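Structural description and commentary
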Amino acid sequence: MKKLISVLVAAIMVCSLCIIPAFAATTEEIAPADDFCPAKGDVSNDKTVGAEDARLALRYSVGLEDLDDEALIRADMDNDGEILSADARKILRLSVKLDKAPAHVYIEKTTESTWVTAGADFEECSACHDIITNAVYDTKLHEVIEAANAWAEETGIAQFISAEDTNGETNEASLELNVDGIWEDMDIDTSVFDGFLTKLGDVIDTYLTDEDILTIDGNEVFANGKVQNTAVKNALFDIGAGFFCKMANLAEDGVYGTYAIEINGEEIALSVAFTGSEENIEKVKGFCLTISEHISAEVVEGNLVIDVYAPDALKNVIIEKAGEDAKVSLDALTLADGFSIVNNLSVEEVFGSQASAVNKLCAFICELSPFVNKVLSKTDAKVELQDGTKLVLNANGFDCNGDNSFSGLVDGFTGALSDELLATTVGAFAVEGEEYYSVPVHVSVDLSSLGLMAGETIEETVVLNIHVFDN
């Protein structure tokens, strides 16, 4: 009986659908309000409000129709959470413009910022999803970049390094290195680099959690709440591969390379670019071209092999000073005596036309001595002689003694070597039957004492092949 009554009610309402349109023809139409919601009454979601929508609402009200959640919101004309015959009647009257269209029903919402999408406070219409934005927030990436730039400004290194992004407009960011700041102005407090890892740790604690995963060109550099040392090393190797050759052939836009960053599945294209005056850019490119002609690197059987070919200027000086038995004389030298001789040479004698650029580079490295010593303190390295003997490489600190030049760099490097190694002759590294010297360095870096680093120790063998007499 109950079902029969429902059917009769529905039949009566359906019949009324035929009466109202005829009545409407002689009745003045009611114009919609300026802020009307076009979705209210459009139960079928066909972008129009008609008798079919009223029929669907009515059938639902008497249990003869199923509607999804979105359709129910569109059918609820008085926003009371129920669909009744009164709602169907309002939809029908709206379809023939006898009722004014309802206004938007806005609900306050918030979306959290992600690394590439800006968060916002907004109001969204529950029916048509029209949005009114009240406030837009920075992306996480933008917050990190702003913090990094503020730190660079505070510490005085903003003159040669800065970063920017599009703050959610596109998934792109850039890191710019200003060669003018390095080439022309060395008056910076380089102790800030000594605190770089501490600052990095603060940023990680603020913006990354144990659940976050960060990759650079496929290398998972952050996972399980820690920086993954080996992955960082691999990422740096990838970025640094062919550095001098890339710099020598730097494009006009100054972009050194673009790298794929991914944080929790969100992709960011990070470009690294060099900026500065055309004059200084050309100086850097010329210097790097010379270096690229004398240094090459490749990974052989898991080891990083670097071949260094002595510049003609240096080779000629060695032969001139040692005479025809240059190699025999050089083999017999201790490393201490060899470095002493090099230290007494002018930078022009060693590097020829690139003397100015070399001095600039030496000065920059010497200024970074606090940071260099920080790294050395975490590093154990042993040099392997041709007979298999392994000697400790670094026993002392790196100190240029205030002389930020080529001579100061040689002093700093010599002072960092162990006495046992300095007493070794150059010939201990000579490769039998070859005209070059091979210096295998076994490096172990333990950064576990730094809270942000993962526990694993980085193990690497770097083979330095020094070609003095052959090219």
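Before reading further, recall that the structure is shown in the block above.
First, a word on scope: everything that follows refers to the structure included in this document. Because the structure is predicted, anything quoted here is derived from the model rather than measured.

1. Let's talk about the environment of N344
- One can find N344 in the loop between helix 14 (335-343) and helix 15 (347-351).
- One polar contact links the side chain of N344 to the main-chain carbonyl oxygen of S340, over a distance of 3.1 Å.

2. Some points on the pattern of salt bridges
- Under the counting rule described, the total for this entry stands at eight salt bridges.
- The shortest N-O distance in the salt bridge between E65 and R59 comes to 3.0 Å.
- Across the salt bridge formed by E124 and K109, the nearest N and O atoms sit 2.8 Å from each other. A residue pair is termed long-range when its members are at least 10 positions apart, and E124 in strand 2 (residues 120-125) and K109 in strand 1 (residues 106-111) qualify at 15 residues.

3. Notes on the state of the cysteines
- The tally for this structure, following the rule as stated, stands at one disulfide.
- Between the sulfur atoms of C366 and its disulfide partner C400 the distance amounts to 2.2 Å. For the disulfide bridge between C366 and C400, the dihedral angle about the S-S bond is near -80 degrees, and by the sign convention the bridge is left-handed. Taken together, the positions of C366 in helix 16 (residues 355-367) and C400 in the loop between strand 14 (390-392) and helix 18 (406-416) put the pair 34 residues apart, joining distant regions of the chain.
- On the accessibility criterion, C366 (4% relative accessible area) is buried.
- Residue classification places C400 among the buried residues on the basis of a relative accessible area of 2%.
- We note that C37 lacks a disulfide partner, and the nearest cysteine sulfur, in C125, lies 3.7 Å from it.

4. Digging into the pairing of strand 5 (residues 172-178)
- As paired strands, strand 4 (residues 161-165) and strand 5 are joined by five bridges and run antiparallel to one another. Residue pairing in the sheet places D165 in a bridge with A173 of strand 5.
- From the end of strand 4 to the start of strand 5, which pair antiparallel, there are six residues, and N167 there has a positive phi angle of about 50 degrees.
- Of the pairings in the sheet, the one linking strand 5 to strand 10 (residues 266-275) comprises seven bridges and is parallel in character. Note that in strand 10 the partner of E172 across the bridge is A269.

5. Considerations on the nonpolar core
- Ranked by size, the top nonpolar core spans 53 residues in total, and within it M247, F274, F406, L421, F429 and Y437 carry the most contacts.
- Filtering out sequence-adjacent residues up to four positions away, Y437 remains in contact with K327, L330, D331, V426, F429, A430, V431, L464, N465, I466, V468 and F469.
- Formed by 19 residues, the second largest nonpolar core is a distinct cluster that contains V116, A173, I261 and I268.

6. Thoughts on helix 5 (residues 140-155)
- When the terminal C-alpha atoms of helix 5 are compared, their 23 Å separation across 16 residues agrees well with the 22 Å that a helix rising 1.5 Å per residue should span.
- Every buried residue of helix 5 is listed here: L141, H142, V144, I145, W151, A152 and T155.
- Once helix 5 finishes, G156 follows within two positions and takes phi at roughly 85 degrees, a positive value.

Thresholds applied
Residues numbered from 1 in each chain as written. Predicted model: local features only at pLDDT ≥ 70, side-chain atom pairs only at ≥ 80, totals over all residues. Heavy atoms only, no water. Helix = DSSP H or I, 4+ residues; strand = E, 2+ residues; numbered from the N terminus. Polar contact = N/O pair within 3.5 Å; in protein donor to acceptor, adjacent residues only side chain to side chain. Salt bridge = Lys/Arg side-chain N within 4 Å of Asp/Glu carboxyl O. Disulfide = S-S within 2.5 Å. Buried < 20%, exposed > 50% of the residue type's maximum accessible area, 1.4 Å probe, protein only. Pairing = 2+ DSSP bridges. Core = buried A, V, L, I, M, F, W, Y, C linked by side-chain atoms within 4.5 Å. Contact = heavy atoms within 4.5 Å. Expected span 1.5 Å × (residues − 1).

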